[in-house]
Amino acid sequence: IADEGDDDEGRVTEPYTRNEFLRQTCLGEVHADEIWDLLHDKKQVIFFGPPGTGKSYVAQHLAHWVTERADFPPDQVEMIQFHPAYSYEDFIEGIRPVSKPAGEGRFVVDYPVQAGVFRRFCERAARNPDKPHVFIIDEINRGNIPRIFGELMLLLEYRNRNVALPYSGTRFSIPENVYLIATMNTADRSIALVDFALRRRFHFIRFAADPDLFERWLERNPSSMPYLGELYRRISQDAIDDENFAIGPSYFMDPQMDEAKLARIWRYSIEPYLEEYYVGQPSKVAPWRWDGANVNMLRSSHE
């Protein structure tokens, strides 16, 4: 870590501490310290939970805490997102076509082996063993994990081993100063169940729809709507009976929130989400519409 808050180019940077992590995330101290301990135990964690529970946000701030940097040092922190088309060649290494001039206006196509994003990241980390490096994978369960990871499944379990990669033959290992943080949306119905081999290699940390966290946030960001905290508590606990699909507080964590903005969020984000969850059951959605009985009652109770 750069001394006295200076980065490698001499610019003054703000140190990022545990207290700043607590302030930014509104997590409880016990929960925050547990996340820290779990990350340093296996060096690999997955945050899982429904949308809007702050998984990606906390992952990025945890990277700040680990690197002790308020900015993101580009050589120490990398963030990507998996999707169904993401491949081993993108992540570890693969053959890529390259057009090269062959003289007299002609070109030939070559197929060199090119390192993927995670291999390049690990090579940078190996060159700087005294600095922690954090690799964040957003929406990890949207990719074909066994195909993307390949030999990485072995190396995640045995950090002291190295393997020969199939394309280049290069010996590859994960340096000890590399930390992996991934997120997983439990409301994504399009994904398959996570491989149990992956569960052995990562600590899984649940992120729930937490009205107490939202209350802590409201204490620091007072709202002009006195009913907002209770409204969120009710919809997070009563609107959906499955915790894997509960509505997270991130939708409402806007310091500039007013009733007009809240109404737009409710009509165009909350109501469509409920309609999808209760497809074919409009009576389940009706009380939780912006002009529905439950929401009207909560809004009028604080007038």
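An account of the accompanying structure is given in this report.

1. Observations regarding the sheet that holds strand S11 (residues 203–206)
Stage number 1. Taken together, the five strands give an open sheet; going across it, the order is S2-S7-S10-S1-S11, and neighbouring strands pair in parallel fashion. Edge positions in the sheet fall to strand S2 (77–81) and S11, since each has one partner strand and no second. Direction aside, the axes of adjacent strands within the sheet are offset by 20° on average.
Stage number 2. By the bridge criterion, four bridges tie strand S1 (residues 44–49) to S11 in an arrangement that is parallel. Its bridge partner lying in S11, Phe-48 is registered against Arg-206.
Stage number 3. Taken strand by strand, helix H2 (residues 29–42) contacts S1, strand S10 (178–185) and S11, and its axis lies near 160° from that of S11.
Stage number 4. Running over the sheet, helix H5 (residues 117–127) touches S2, strand S7 (133–138) and S10 and is turned about 165° from S7.

2. So, the packing of aromatic side chains
Stage number 1. On inspection of all chains with the given rule, the structure shows 24 aromatic pairs.
Stage number 2. Centroid distance Phe-91 to Phe-149: 5.6 Å. Interplanar angle 15°. Geometry classified as stacked. On the criterion of sequence distance, the pair formed by Phe-91 in helix H4 (residues 88–91) and Phe-149 in helix H6 (residues 145–149) is long-range, its members being 58 residues apart. Judged on exposure class, the residue Phe-91 and its partner Phe-149 are both buried.
Stage number 3. Here the aromatic cluster, defined as three or more aromatic residues joined through ring pairs, consists of Phe-82, Tyr-86, Phe-91, Phe-118, Phe-121, Phe-135, Phe-149 and Phe-172.
Stage number 4. Positioned over the ring face of Tyr-179 is Lys-43, at 5.8 Å from the centre of the ring.
Stage number 5. A cation over an aromatic ring shows up here: Arg-161 above the ring of Tyr-158, its NZ or CZ 6.0 Å from the ring centre.

3. Some words on the pattern of salt bridges
Stage number 1. For the structure shown, the criterion picks out 18 salt bridges.
Stage number 2. A salt bridge links Arg-147 to Glu-89, with the shortest nitrogen-to-oxygen separation between them at 3.5 Å. Here Arg-147 is found in helix H6, whereas its partner Glu-89 is found in helix H4, with 58 residues between them in sequence.
Stage number 3. Residues Glu-275 and Arg-289 are paired through a salt bridge, measuring 2.9 Å at the closest nitrogen-oxygen approach. Separated by 14 residues along the polypeptide, Glu-275 in helix H11 (residues 259–277) and Arg-289 in the loop between helix H12 (282–285) and helix H13 (293–300) bring together distant segments of the chain.
Stage number 4. Since its relative accessible area comes to 34%, Glu-275 is described here as partly exposed.
Stage number 5. Here the salt bridges do not stand alone but share partners, grouping Arg-18, Glu-29 and Asp-33 into one network.

4. Details of the pairing of S7
Stage number 1. Of all six residues in S7, six are buried; the element is thus mostly enclosed.
Stage number 2. On S7, burial covers both faces: His-133, Phe-135 and Ile-137 on one face and Val-134, Ile-136 and Asp-138 on the other are all buried.
Stage number 3. Sheet topology note: the S2/S7 ladder contains five bridges and is parallel. Among the inter-strand pairings, Gln-81 is bridged to a residue of S7, identified as Asp-138.

Definitions and cut-offs
- Residues numbered from 1 in each chain as written.
- Predicted model: local features only at pLDDT ≥ 70, side-chain atom pairs only at ≥ 80, totals over all residues.
- Heavy atoms only, no water.
- Pairing = 2+ DSSP bridges.
- Helix = DSSP H or I, 4+ residues; strand = E, 2+ residues; numbered from the N terminus.
- Axes fitted to C-alpha atoms, helices over the stretch in contact; angles between N-to-C directions.
- Contact = heavy atoms within 4.5 Å.
- Phe/Tyr/Trp six-rings, centres within 6.5 Å; stacked < 30°, edge-to-face > 60°.
- Buried < 20%, exposed > 50% of the residue type's maximum accessible area, 1.4 Å probe, protein only.
- Lys NZ or Arg CZ within 6 Å of the ring centre and 35° of its normal.
- Salt bridge = Lys/Arg side-chain N within 4 Å of Asp/Glu carboxyl O.

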